[in-house]
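Understanding the architecture of this molecule
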Amino acid sequence: MHSRDTLPVVVGGTNYYIESLLWKVLVDTGQETRAPGDGGDGALDRKLELEKLGVEELHKRLAEVDPKMAAMLHPNDKRKITRSLQIHEMTGVSHTRWLQEQRGQEGGDGLGGPLRYSDPCIFWLHADMEALDKRLDARVDEMLSAGLIEELRDFHVRFNQQKVQDDSQDYQRGIFQSIGFKEFHEFLTAPESSTQQERDALKAKGIEALKIATRRYARKQNKWVRNRFLKRPGDNVPLVFGLEVTDVSRWEETVLNPALQILDSLSKGEEPAIQPIRVQGEEQRNKRSRNTCDLCDKIIIGDLEWTAHLKSKKHHHHVRKKRKTDSGCEVSSSAVDSVSEDSSAAVAPGSTETSQESSPETVTTHKEVPVTF
């Protein structure tokens, strides 16, 4: 298109694909673009073979051939673990090494390789979340009016019913992980003996789950733009212009005309009247370190996720429970050792004394394995 002096405009909500189009972030093994019959289906077959193994075994195998990647991925993230193993098997090179070489290219950064094209720009269409939530709910209602339930029933009978009966269904693979299907699992698999009232309740539950998942996905998309576009490290980042779409009746005024003006200025080498979005100050990089919370019996990947966990209600519940247990032990121990003049003698060897002023971190085992590429 560039050779024909045509300006490509890519429109879509799947930011993952837009990122892979703009930056060199994909791992090209050279074996995944062959046509079926030319050996290109071997990679898919091997992926399916690996996915039949338990996630614990897969993670163990990855730790043997690529310990850095194994430390960076959550032990239950079967899809990513399988992908890293597949890359090593297909190329003989670890996934970590691939990423190191990719990010080490001129113009590369901590998230991937350099830009594929010079001087691209991004238009981020954003709206007030309350208005967006109402719009998303209305879209779900329109889908239902257009026959969504009937379509789901037909798909379930043709492609899913047997899997459920065989207990081989996996809603984390392929089209089954799409929003709009797994939310209606209970409704679609309801026993024939179910009353109409029970079916209606399951249907309503599925509709609400679909609306919640859709709203959650919209927030995830906004987070992706902020973290992967606006906060991307280095200078190899396109300009990002924010366009307001809260009131779609003003589309030409708030979206179309500003976008055309920006493109016209950039094509002439001029500075647009509308300024791009700029992140003030140095933003925190979310290092994918491995953290273990013994209190909650959880493994958490990422510094930001770890910080959020330490502030969560569930974690604080376990902290309070631990303090009560420790306090009881101290009282019991103090009664036995009351002859001691030193109050510290009340703490049993090997235990941790926790005061009321202690932060959650002091009673949580934090095992961190830094991963740097």
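Reading the values: rules and limits
- Residues numbered from 1 in each chain as written.
- Predicted model: local features only at pLDDT ≥ 70, side-chain atom pairs only at ≥ 80, totals over all residues.
- Heavy atoms only, no water.
- Helix = DSSP H or I, 4+ residues; strand = E, 2+ residues; numbered from the N terminus.
- Buried < 20%, exposed > 50% of the residue type's maximum accessible area, 1.4 Å probe, protein only.
- Contact = heavy atoms within 4.5 Å.
- Areas by Shrake-Rupley, 256 points an atom, 1.4 Å probe, with all protein chains shown as cover.
- Pairing = 2+ DSSP bridges.
- Core = buried A, V, L, I, M, F, W, Y, C linked by side-chain atoms within 4.5 Å.
- pLDDT = per-residue confidence, 0-100.

Describing the overall build of the protein chain
- Of regular secondary structure, the protein chain possesses 13 helices and four strands.
- Here the protein chain holds 373 residues, and 33% of them are scored as buried.
- Sequence-distant contacts, at least 24 apart, represent 62% of the contacts inside the protein chain between residues at least 6 apart.
- Accessible area of the protein chain: about 24000 Å², with a carbon and sulfur share of 50%.

Examining the pairing of strand β4 (residues 298-301)
- Pairing of strand β3 (residues 290-293) with β4 involves four bridges; the strand directions are antiparallel. Counted as the bridge partner of N291 is I300 from β4.
- What sits between β3 and β4 in their antiparallel hairpin is a turn of four residues, with D297 showing a positive phi close to 55 degrees.

Section: the environment of V319
- Following the sequence through the fold, V319 ends up in helix α13 (residues 313-336).
- Here V319 falls in the buried class, since its relative accessible area comes to 2%.
- Distance in space between the C-alpha atoms of V319 and L295 is 7.3 Å, their sequence separation being 24 residues.

What about the nonpolar core?
- Ranked by internal contacts, the top residues of the largest apolar core, which has 13 residues, are L144, L152, F181, F184 and L188.
- Contributing elements (two or more residues each) for this core: α7 (129-145), α8 (148-165), α9 (185-188) and α10 (196-230).
- The element best represented in this core is α8, accounting for three residues.
- Once you skip the residues sitting within four places of it in the chain, L152 turns out to touch G180, F181, F184 and L188.

Concerning the confidence of the model for the protein chain
- Chain-level pLDDT for the protein chain is 81 on average; 81% of the residues reach the 70-or-more range.
- Per-element confidence in the protein chain is highest for α7, whose mean pLDDT is 97, and lowest for α13, whose mean pLDDT is 74.
- This model gives residues 334-373 a pLDDT under 50, and the stretch forms 60 contacts once residues within four places in sequence are excluded.

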